[in-house]
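The chain contents come next:
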Amino acid sequence: MALANGTGGNGVTAVARPYYTTGQRIVRGYGPVVALILVLVLIAVLVPSKAQKATNAAAVGASESSDQSAGVPGANAAAGPTGAAAAGPQGSAGQAGTAGKTVALPGKTTACTAQALQVPGDPYSPPCIQFSGDNGGATSKGVTGDSITVAVRLTSDQSFQQTLAQLAGAQLRDTNDDNVRTIKALADYFNTHYQFYGRKIKIVTYNGQGSLSNELQGNGQAAAQADAVTVGKQINAFADITGESEPYGTSLKNQGVMTFGDPYMPGYWHNDHAPYAWSLATDGTDLATDVANYAVQKLCPPGTPAAYAGGNLKDKPRKFAGIAPANELYQVSATVFKQIMEAHGCAVDNYAYTLDLGTESQQAQNLIQNLKSKGYTTILCGCDPIFPVYMSGQEYSQGYIPEFVEIGAALVDQDYVGQLYNQQAFAHAFGISPNLATVPYTQTLGYKAYKTMLPSSEPAFFVDIIYGQMAMMAIGLEMAGPQLTPQTFQQGMFAFPPKLGPAGLWGWNKNQYTIPNDFREVCWSPSTVSPNNSKQGAYIETSKQRWTQNGIPKGPPGCPIPSS
């Protein structure tokens, strides 16, 4: 899917991959901020390590002799593809050795006979697996016979999630207590509902030296490296679910620690960091390809009427502007976007802004003045969730209402974020989103999982985002089989059968270390009441169709045309 090397599905030769030494990548490369990952910075609690029963609790009573081994790590195999160990008979916990000692026999994994999914009703659930015998003990850094250590870095600097909370008011504001309670409940949920082969996730938090906001703006590399050393050597973690910046993620990988949460790194970055780097934030190269192909099929060629613009731009010949953060690695993806557009005769001018919360307001004012003076009718914004707050406000105040193409990333496609934007300007927004139709907050996967463990309390507002990142990790832990290592984690992820759920189509392969893999067309409706929070302002879908990046049908967008 990615255009990191060679030629992609569009017949476009990919942008030449810049070569950086490890040090240069740390100094120069940062992806765009994504609030859904940054929220994890604020959360964590030490979850007690407690031995898990050898047999999957959801499949008690199922036969250990089941031959339903398709897709089960190491099932009935001497050395399965996911690394399950194997010489000798399986299914027994041990046997008397010649010296009178008990010798552990390799563990046995089989498919459950009573159910197909590990967690019935969860659309992303891996296949149900039964396990008995020995799990291999300390198979990797941070792994013992009864625990998998997962680190969480805490930083004290201002995050984009905190800024969203200030803009939106109390509805988005989570206290540390809210976040601690939520992460603890979800860790307990995965420990009791997934098959971790006698182990449990143990969350270890620490106060980092690094500043996430500094790292995302190109500073603080030495502190990020020092924090990674803490994780790798002092905490001795298998994984860190707060790898939200390029230097921290790279430093974790250099310590042999799995990292989750990188912010839209391009495809080749993930290949270079395999098998260590995974994220909910879509591969930046794939994301650029998605939005470019959408524009090519729905809005091009240039000169077609800008039907969704407002004011004096309405129905003017389309003129495209792309906007993205100035960070080096994100500009690689911006270049891929421009290449694809222009290969199909769709000229586009790219503009950049700096990921700096203190200056975004002034940057937006200057940028909108520039775009207005040059007559751009159509803006394709690969932005963090805060920048459109200022952009849409400036559009309205300057009487400049272009089409706004939303790309389905960084929470911008969430109703509760779209509600923060100037509604007169954002009424002209449409684009793509990987998510299924919005449901009430209390019906999300994360909320339900939390309430399963703590029915008498309420989770953090961002419970579903926290759940998503943890679910991605939990899937890999189960699919890896009992012999857990970074390599078997990767093999297990590649073996996961692709599944569609609320956050889109999940699945992984050698060129796909992020999610999702498909999307739908959406339109912003200021008058529609959101099912999520019962407030005005919501995305509506044009149909039930979902597209992959090379399967978008030709034709204009299906969104209603704004009246003004």
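To keep things clear, this report deals only with the structure shown in the data block. Not measured: the values here are computed from a predicted model.

### Brief notes about helix α7 (residues 246–254)
Point 1. Counted residue by residue, α7 has 7 buried out of 9 residues, so it is predominantly covered.
Point 2. Looking at α7, one finds that the buried residues are Glu246, Pro247, Tyr248, Gly249, Thr250, Ser251 and Leu252.
Point 3. The backbone nitrogen of tyrosine 248 lies 3.3 Å from a side-chain oxygen of the residue at the head of α7, namely serine 245.
Point 4. The positive-phi residue at the C-terminal boundary of α7 is glycine 256, with phi of around 75 degrees.

### Here's the deal with the pattern of salt bridges
Point 1. Counted according to the given criterion, the structure contains 8 salt bridges.
Point 2. Across the pair lysine 451 and glutamate 458 runs a salt bridge whose closest N-O atoms are separated by 2.9 Å.
Point 3. A salt bridge links glutamate 541 to lysine 544; the shortest N-O distance between them is 2.5 Å.
Point 4. Residue lysine 544 is classed as exposed on the basis of its relative accessible area, which comes to 68%.
Point 5. The structure contains a network of salt bridges with shared partners spanning Arg153, Glu215 and Asp227.

### Comments concerning the sheet that holds strand β8 (residues 258–260)
Point 1. One open sheet accounts for 5 strands, arranged β6-β5-β7-β8-β9; its pairing is parallel. Only two strands of the sheet have a single partner each, and these edge strands are β6 (200–207) and β9 (277–278).
Point 2. Sheet topology note: the strand β5 (residues 147–154)/strand β7 (residues 239–240) ladder contains 2 bridges and is parallel. By the bridge assignment, valine 150 is partnered in β7 with alanine 239.

### A look at the side chain of asparagine 422
Point 1. By secondary structure assignment, the location of asparagine 422 is in the loop between α13 (415–418) and α14 (423–426).
Point 2. Judged by its relative accessible area of 18%, asparagine 422 falls in the buried class.
Point 3. Sequence-distant contacts of asparagine 422, defined by excluding residues within four places in its chain, comprise Ser392, Gly393 and Tyr396.

### Concerning the packing of aromatic side chains
Point 1. Applying the stated criterion to the full structure yields 28 aromatic pairs.
Point 2. Both rings, one in phenylalanine 519 and one in tryptophan 547, keep their centres 6.5 Å apart while their planes meet at 85 degrees; by these two values the pair is edge-to-face. One end of the pair, phenylalanine 519, is in the loop between β16 (504–506) and β17 (520–529); the other, tryptophan 547, is in the segment after β18 (536–541), with 28 residues separating them in the sequence.
Point 3. Looking at phenylalanine 519, the relative accessible area reads 3%, which means it is buried.
Point 4. On the accessibility criterion, tryptophan 547 (7% relative accessible area) is buried.
Point 5. An aromatic cluster is defined as three or more aromatic residues linked by ring pairs; in this entry it consists of Tyr189, Phe190, Tyr194, Phe196 and Tyr467.
Point 6. Stacked on the ring of tyrosine 248, the Lys or Arg arginine 153 has its end atom at 3.8 Å from the ring centre.

### Concerning the environment of glycine 208
Point 1. Along the chain, the position of glycine 208 falls in the loop between β6 and α5 (212–216).
Point 2. A C-alpha to C-alpha distance of 5.7 Å links glycine 208 and threonine 155, two positions 53 residues apart in sequence.
Point 3. Beyond its immediate sequence surroundings of up to four residues, glycine 208 is in contact with Arg153, Leu154 and Asp227.

### Details of the pairing of strand β12 (residues 378–381)
Point 1. Burial along β12 is two-sided: Thr378 and Leu380 and Ile379 and Cys381, pointing in opposite directions, are all buried.
Point 2. Here 4 bridges tie strand β10 (residues 320–325) to β12, and the two strands are oriented parallel to one another. Of the residues in β12, the one forming a bridge with isoleucine 323 is cysteine 381.
Point 3. Bridge analysis of β12 against strand β13 (residues 403–406) gives 4 bridges, and the strand direction is parallel. Note on β13: the bridge partner recorded for threonine 378 is glutamate 403.

Scoring rules and cut-offs
As a convention, each chain's residues are numbered from 1 in the sequence order in which they are written. Restriction of local features to residues with pLDDT of at least 70 applies here, the model being predicted, together with a cutoff of 80 or more for giving and counting side-chain atom pairs; totals for whole chains, interfaces and linings are based on all residues. As a convention, hydrogens and water are excluded, and side-chain values are obtained from all of the structure's heavy atoms. Buried residues are those whose accessible area, probed at 1.4 Å on protein chains only, stays under 20% of the maximum for their type, while exposed residues exceed 50% and partly exposed ones sit between those limits. Going along the chain from the N terminus, every DSSP run of H or I of four or more residues is numbered as a helix, and every run of E of two or more is numbered as a strand. Residues adjacent in sequence count toward polar contacts only when both atoms are side-chain atoms; beyond that, a polar contact is any pair of N or O atoms within 3.5 Å, and within protein one must be able to donate a hydrogen and the other to accept it. Take a side-chain nitrogen of Lys or Arg and a carboxyl oxygen of Asp or Glu: if they are within 4 Å of each other, that pair is a salt bridge. DSSP bridges decide pairing: two strands pair if at least two such bridges lie between them. Every residue pair with non-hydrogen atoms within 4.5 Å of one another is taken to be in contact. The rule is short: rings of Phe, Tyr and Trp, with Trp giving its six-membered ring, pair when the centres are within 6.5 Å, and they are stacked under 30 degrees, edge-to-face over 60, tilted in between. Two conditions define a charge sitting above a ring: the NZ of Lys or the CZ of Arg must be within 6 Å of the ring centre, and it must be within 35 degrees of the ring normal.

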